[in-house]
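In case you want the letters, here they are:
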Amino acid sequence: MNSVALTSLAPHADLQVATMLAGIAFVLLVGVLLGSLAKRVRQPRVIGEILAGIALGPSLLGLLPGDLPHKLFPTDVRPLLSAVSNVGLMLFMFMVGWEFEKRILRPHRGVAAAVSVSSIALAFGLGVAVAALLYPHHKVVAGHHISFATFSTFMGAAMSVTAFPVLARILTDNRLTHSRVGTLALASAAVDDILAWCMLAYVSALVTSSGPGDLLQVLGLSAAYVLGMFWIVRPLLAVVVRYFSDRQQWQYLLVGMAAGTFLSSYLTTWIGIHGIFGAFLFGFVMPREPALQLAEHLRKPLNNISVVLMPVFFIVTGLGVDINGLHARQYMELGAILVVACAGKLLGAMIPARIFGLGWRESRALGLLMNTRGLTELIILNTAVQLGVLDTQMFTMMVIMALVTTALAGPLLPRSTELMATTTVGVEVAEADAVAVKGRP
């Protein structure tokens, strides 16, 4: 390519970057506005930010004349937006893994395991059942045939998830972190998170493998990767964290953790499972001590980065949502998805809660909390789109389901005073963990 051609390409590249930055600025402003409005109606901020992403896409802004979504976010700029959103997403997943605390499980090991496994099993089974009805209409994505095993496994996983960060925020906003149902919900959702990412890793391996032999290779490499993270990386991280914390060189540790997150994400992508699993597990093996210093010098800066970058993820999601593309049959399918999603988590959580002695009011509150899917669901849905498992209509319906199930908790939860009569051992631990994550989406 000659120098004249290179010179002509430079202004175009600069304009692409400038357009992307202007789009991000617009997203941040709209996200702050709708996030604030969401809080006024007893909804977590993430609801408003997700709605901002959808509103700036074809579902709302696209209804106005002038094709505004494409002017704000041109086709050649969208890959740049996706790249920026992935940076924020990987750091967020690192935080999800890092902030998982085994301590919140100790006071409720038995009941939390029963509630989590029951809600996942029932939601997964109902998800596979509804997948059998939906599959004939959504088995071809972008000209490629999707196997029923892949489609149904994903639907089961998507129905099973509970959003731990959003749930912690709802508990804080409703002053329920002192209640038995609050600490139990946190413990159960923590187990849900781990199982959800494991299921997503399996679905990712299932999609990317070309046959049984390839699948076994991916699963074998994944097992070796997990063992390496626990037996090699975790001890090394303990040494690294101790070295830099003793010398108060927090900036180097922050850079090192970000670099490790991205490298771990690259490794899992190379293996054949999605990069978010690598980011999550790197955070999971990250040392938690010294707790106060790490919270001040690492957790707070990473949370601030997430606040700025995660809205970009929401607009990337919103650009793929087209509510106007849904017709009568899709609305019937959406109704079935909503019924199955709510029934699986509500009944799956309420039944074991009643067996373990909780009252009906507490059991219903626990079911509503376990039914919140929020940002965790969007991450799974976007992963499915990247893997070519969902078409636009299916993606749109599942995003609506994530919004509705998350929005139900706030207005339907019993008043905090009605759930505060019973407290439990370990409340202080659960409250501390809820406070640690309440600033996240």
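Residues numbered from 1 in each chain as written. Predicted model: local features only at pLDDT ≥ 70, side-chain atom pairs only at ≥ 80, totals over all residues. Heavy atoms only, no water.

Caption draft 1: View of the packing of aromatic side chains. The full count for this structure, using the stated rule, is 9 aromatic pairs. Aromatic side chains Phe94 and Phe282 sit 5.9 Å apart centroid to centroid with 35° between the ring planes, which places their arrangement in the tilted category. Here Phe94 is found in helix α4 (residues 78-98), whereas its partner Phe282 is found in helix α11 (residues 275-284), with 188 residues between them in sequence. By relative accessible area, which is 1% here, Phe94 ends up buried. For Phe282, a relative accessible area of 6% corresponds to the buried category. Among the aromatic residues, those joined into a ring-pair cluster are Phe94, Trp98 and Phe282. A cation over an aromatic ring shows up here: Arg299 above the ring of Trp98, its NZ or CZ 4.9 Å from the ring centre. (Phe/Tyr/Trp six-rings, centres within 6.5 Å; stacked < 30°, edge-to-face > 60°. Helix = DSSP H or I, 4+ residues; strand = E, 2+ residues; numbered from the N terminus. Buried < 20%, exposed > 50% of the residue type's maximum accessible area, 1.4 Å probe, protein only. Lys NZ or Arg CZ within 6 Å of the ring centre and 35° of its normal.)

Caption draft 2: Spotlight on the pattern of salt bridges. Using the criterion set out here, one finds 2 salt bridges in the structure. The salt bridge involving Lys300 is made with Glu296; its shortest N-O contact spans 3.1 Å. You can see Lys300 and its partner Glu296 sitting in helix α12 (residues 291-319), 4 residues apart, about one turn around the helix. On the accessibility criterion, Lys300 (42% relative accessible area) is partly exposed. Two residues, Arg329 and Glu333, come together in a salt bridge whose shortest N-O distance is 3.3 Å. Taken together, the positions of Arg329 and Glu333, both in helix α13 (residues 328-355) and 4 residues apart, correspond to about one turn of that helix. (Salt bridge = Lys/Arg side-chain N within 4 Å of Asp/Glu carboxyl O.)

Caption draft 3: Up close: the nonpolar core. One finds Phe154, Met155 and Trp197 to be the most contacted residues of the largest nonpolar core, which totals 112 residues. For this core, the element with the most residues is helix α8 (residues 180-208), which contributes 14 residues. Here Trp197 is in contact with Met93, Val96, Ile276, Phe277, Phe280, Thr376, Ile379 and Ile380, once residues within four sequence places are set aside. One finds Leu61, Val77, Leu309 and Ile315 within the second-largest nonpolar core, a separate group that totals 15 residues. (Core = buried A, V, L, I, M, F, W, Y, C linked by side-chain atoms within 4.5 Å. Contact = heavy atoms within 4.5 Å.)

Caption draft 4: Spatial organisation of a nonpolar patch on the surface. A surface patch of nonpolar side chains, about 490 Å² in accessible area, is lined by Leu122, Leu347, Ile351, Ile355 and Phe356. Considering every element that reaches the nonpolar patch, the biggest residue donor is α13, with 3 residues. Structurally, the position occupied by Leu122 is in helix α5 (residues 109-138). Using a relative accessible area of 32% as the deciding quantity, one classes Leu122 as partly exposed. (Patch = residues over 30% accessible without salt bridge, like charges linked within 9 Å, V, L, I, M, F, W, Y side chains within 5 Å. Areas by Shrake-Rupley, 256 points an atom, 1.4 Å probe, with all protein chains shown as cover.)

Caption draft 5: A look at the environment of Ala157. By the element assignment, Ala157 lies in helix α6 (residues 148-160). When residues no more than four places from it in sequence are discounted, the contact partners of Ala157 are Phe124 and Met199.

Caption draft 6: Inspection of the packing of α4 against helix α10 (residues 250-271) at higher detail. Between α4 and α10, whose axes approach to 10 Å, the crossing angle comes to 100°. Looking at the two axes, α4 sits roughly perpendicular to α10. Residue-level contacts link Val87, Met90, Leu91 and Phe94 of α4 to Met257, Ala258, Thr261, Phe262 and Ser265 of α10. (Axes fitted to C-alpha atoms, helices over the stretch in contact; angles between N-to-C directions. Parallel < 35°, antiparallel > 145°, perpendicular 65-115°, else oblique.)

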